[in-house]
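# Report on the structure
Take a look at the letters that make up each chain.
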Amino acid sequence: RLVCDLRKEMSLPVDAVPVVLSLLDQIHGLRRELRGLAEAVDEQPGETRQAIIAALKARLPERT
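Residues numbered from 1 in each chain as written. Predicted model: local features only at pLDDT ≥ 70, side-chain atom pairs only at ≥ 80, totals over all residues. Heavy atoms only, no water.

## Here we look at the environment of Leu2
Here Leu2 shows up in helix H1 (residues 2-9). Given the relative accessible area of 44%, Leu2 is considered partly exposed. The spatial distance from the C-alpha of Leu2 to the C-alpha of Val17 is 9.8 Å, given a sequence separation of 15 residues. Those residues in contact with Leu2 that sit more than four places away from it in its chain are Leu21 and Leu24. (Helix = DSSP H or I, 4+ residues; strand = E, 2+ residues; numbered from the N terminus. Buried < 20%, exposed > 50% of the residue type's maximum accessible area, 1.4 Å probe, protein only. Contact = heavy atoms within 4.5 Å.)

## Details of the packing of H1 against helix H2 (residues 17-42)
At their nearest, the axes of H1 and H2 sit 11 Å apart, and the two run at 130° to each other. Taken together, the axes of H1 and H2 are oblique relative to one another. In the crossing of H1 with H2, the sense of the turn from one axis to the other is right-handed. In this structure, H1 uses Leu2, Val3, Leu6 and Arg7 to contact H2, whose residues at the interface are Val17, Val20, Leu21 and Leu24. A per-class count over the contact of H1 with H2 returns 7 nonpolar, no polar and 1 charged. (Axes fitted to C-alpha atoms, helices over the stretch in contact; angles between N-to-C directions. Parallel < 35°, antiparallel > 145°, perpendicular 65-115°, else oblique. Left-handed = near helix turned anticlockwise from the far one by under 90°. Nonpolar A, V, L, I, M, F, W, Y, C, P; charged D, E, K, R; others polar.)

## Quick look at unusual backbone geometry
For residues other than glycine, phi is negative in most cases, and the peptide bonds are mostly trans. Positive phi outside glycine occurs at Ser11, with the angle close to 50°. With respect to the helices, strands and loops of the structure, Ser11 is situated in the loop between H1 and H2. Residue Ser11 is classed as exposed on the basis of its relative accessible area, which comes to 58%.

## Quick notes on the layout of surface pockets
Taken as a whole, the largest pocket encloses approximately 220 Å³ of empty space. If you go around the largest pocket, the residues you meet are Leu34, Leu37, Ala38, Val41, Asp42, Arg49, Ile52, Ile53 and Leu56. For the lining of the largest pocket, the secondary structure elements donating two or more residues are H2 and helix H3 (46-59). With 5 residues, the single largest contributor to the lining of the largest pocket is H2. Of the residues assigned to the lining of the largest pocket, the class counts are 7 nonpolar, no polar and 2 charged. (1 Å grid on protein atoms, 1.4 Å probe; cavity = no way out; pocket = protein on both sides within 12 Å on 5 of 7 lines; lining within 4 Å. Points joined across faces, edges and corners; volume = space filled by probe spheres on them.)

Just distances and angles here, no functional claims.
Listed below in structure tokens is the structure:
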């Protein structure tokens, strides 16, 4: 169904479908890794969690 939607609804060329599917697989893999990282951070003592969160916020661009 996804491939059909990509081809028909989004007018995606046939040769682009494998690229899009590969990118979607990468996104799902990264989400899985991020979920594991978040769980590992959650298992840390409060002070460590806060230090990790502060370090992460310092590296992320400000949201508007």
